[in-house]
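Structural overview
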Amino acid sequence: MSHDPNCIFCKIVQGQIPSKKVYEDEDLLGFHDIQPWAPVHFLLIPKQHIASMVDLTPEHAALMGKMAVLVPQLMKELGVTNGFRTVVNTGSDGGQEVFHLHMHAMGGPRPWLKG
Ligand code: 5GP
Ligand code: ZN
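Scope of this entry: the structure provided in the associated data block.

Moving on, we get to the overall build of the protein chain. A count of helices and strands for the protein chain gives 2 helices and 5 strands. Going residue by residue from the N terminus, the α and β elements of the protein chain occur as α-β-β-β-α-β-β. Against the globule reference of 13 Å for 115 residues, the protein chain gives a C-alpha radius of gyration of 14 Å, in line with a compact fold. With respect to the principal axes defined by its C-alpha atoms, the protein chain has extents near 35 × 30 × 30 Å. Here the protein chain holds 115 residues, and the buried ones make up 39% of them. Residue pairs at least 24 apart in sequence account for 56% of intrachain contacts in the protein chain once pairs closer than 6 positions are excluded.

Now for the coordination of the zinc ion (ligand 2). Each protein donor to the zinc ion (ligand 2) is listed here as Cys7 (SG), Cys10 (SG), His49 (ND1) and His100 (ND1); together their distances run 2.0 to 2.3 Å. Note that the zinc ion (ligand 2) binds 4 donor atoms; their angles at the metal cover 104 to 115 degrees, and the shape is tetrahedral. Considered as a linear motif, the donors of the zinc ion (ligand 2) on their single chain read C-x2-C-x38-H-x50-H. With a gap of 51 residues between them, His49 in the loop between β3 (40-46) and α2 (61-77) and His100 in the loop between β4 (84-87) and β5 (103-107) connect regions that are remote in the sequence. Looking at His49, the relative accessible area reads 21%, which means it is partly exposed. Relative accessible area serves as the criterion here: at 0%, His100 is assigned to the buried category.

Looking now at the site of ligand 1. Not every one of the 16 residues close to ligand 1 is listed here, only the nearest: Asp33, Glu97, Val98, His102 and His104. Between Asp33 and ligand 1, the recorded distance is 2.5 Å, taken from a side-chain N or O atom to an oxygen atom. For ligand 1, an oxygen atom lies 2.7 Å from a polar atom in the backbone of Glu97. Every element with two or more residues in the shell around ligand 1 is listed here: α1 (8-13) and β2 (28-32). Broken down by class, the residue content of the shell around ligand 1 amounts to 7 nonpolar, 7 polar and 2 charged.

Each aromatic ring pair is characterised by the separation of its centres together with the angle its planes make. This model, assessed by the stated rule, comprises 1 aromatic pair. An angle of 80 degrees between the planes, with centres 5.4 Å apart, marks the rings of Phe9 and Phe31 as edge-to-face. Within this pair, whereas Phe9 is found in helix α1, its partner Phe31 is found in strand β2, the two being separated by 22 residues in sequence. With a relative accessible area of 8%, Phe9 lands in the buried category. The ring of Trp112 has Arg110 sitting right over it, with the charged end atom 3.7 Å from the ring centre.

Cut-off values and rules
- Residues numbered from 1 in each chain as written.
- Chains lettered and ligands numbered in written order.
- Predicted model: local features only at pLDDT ≥ 70, side-chain atom pairs only at ≥ 80, totals over all residues.
- Heavy atoms only, no water.
- Helix = DSSP H or I, 4+ residues; strand = E, 2+ residues; numbered from the N terminus.
- Rg over C-alpha atoms; globule rule 2.2 N^0.38 Å.
- Buried < 20%, exposed > 50% of the residue type's maximum accessible area, 1.4 Å probe, protein only.
- Contact = heavy atoms within 4.5 Å.
- Donors = N, O, S within 2.8 Å, 3.2 Å for Na, K, Ca; no water.
- Tetrahedral: all angles 85-135°; square planar, octahedral: opposite > 155°, others 65-115°.
- Near = heavy atom within 4 Å.
- Polar contact = N/O pair within 3.5 Å; in protein donor to acceptor, adjacent residues only side chain to side chain.
- Nonpolar A, V, L, I, M, F, W, Y, C, P; charged D, E, K, R; others polar.
- Phe/Tyr/Trp six-rings, centres within 6.5 Å; stacked < 30°, edge-to-face > 60°.
- Lys NZ or Arg CZ within 6 Å of the ring centre and 35° of its normal.

Shown next, in the form of structure tokens:
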């Protein structure tokens, strides 16, 4: 499993920075965003360091598919029943601030802080 020692999300994966986990398996970690935009706002990340969607290759297809399939399942477990929003920011113009690929998943009753 490849990690970047300077990456904040790799540190979360390795338990060096605490997080409020919503999901974990051998490939993926889900945890609540530290600055939530919505009543429920978690991030789903691959445990291996992939900087952004630009770095994906065909061998990552199953991993990304697994992420997509998990989000509705986790939302249901977290009590979100009226829809949700998923966002993946990519690169500077895409508004990406943390360069470890992550999927935002936001839900819960509106109004939301953002989005
Ligand atoms: P981006 O703009 O890169 O798509 O979003 C990065 C997200 O990571 C932001 O929503 C930010 O609040 C969240 N974030 C940044 N640092 C931490 C952290 O240390 N812990 C948690 N749980 N979330 C973080
Ligand atoms: Zn990383």
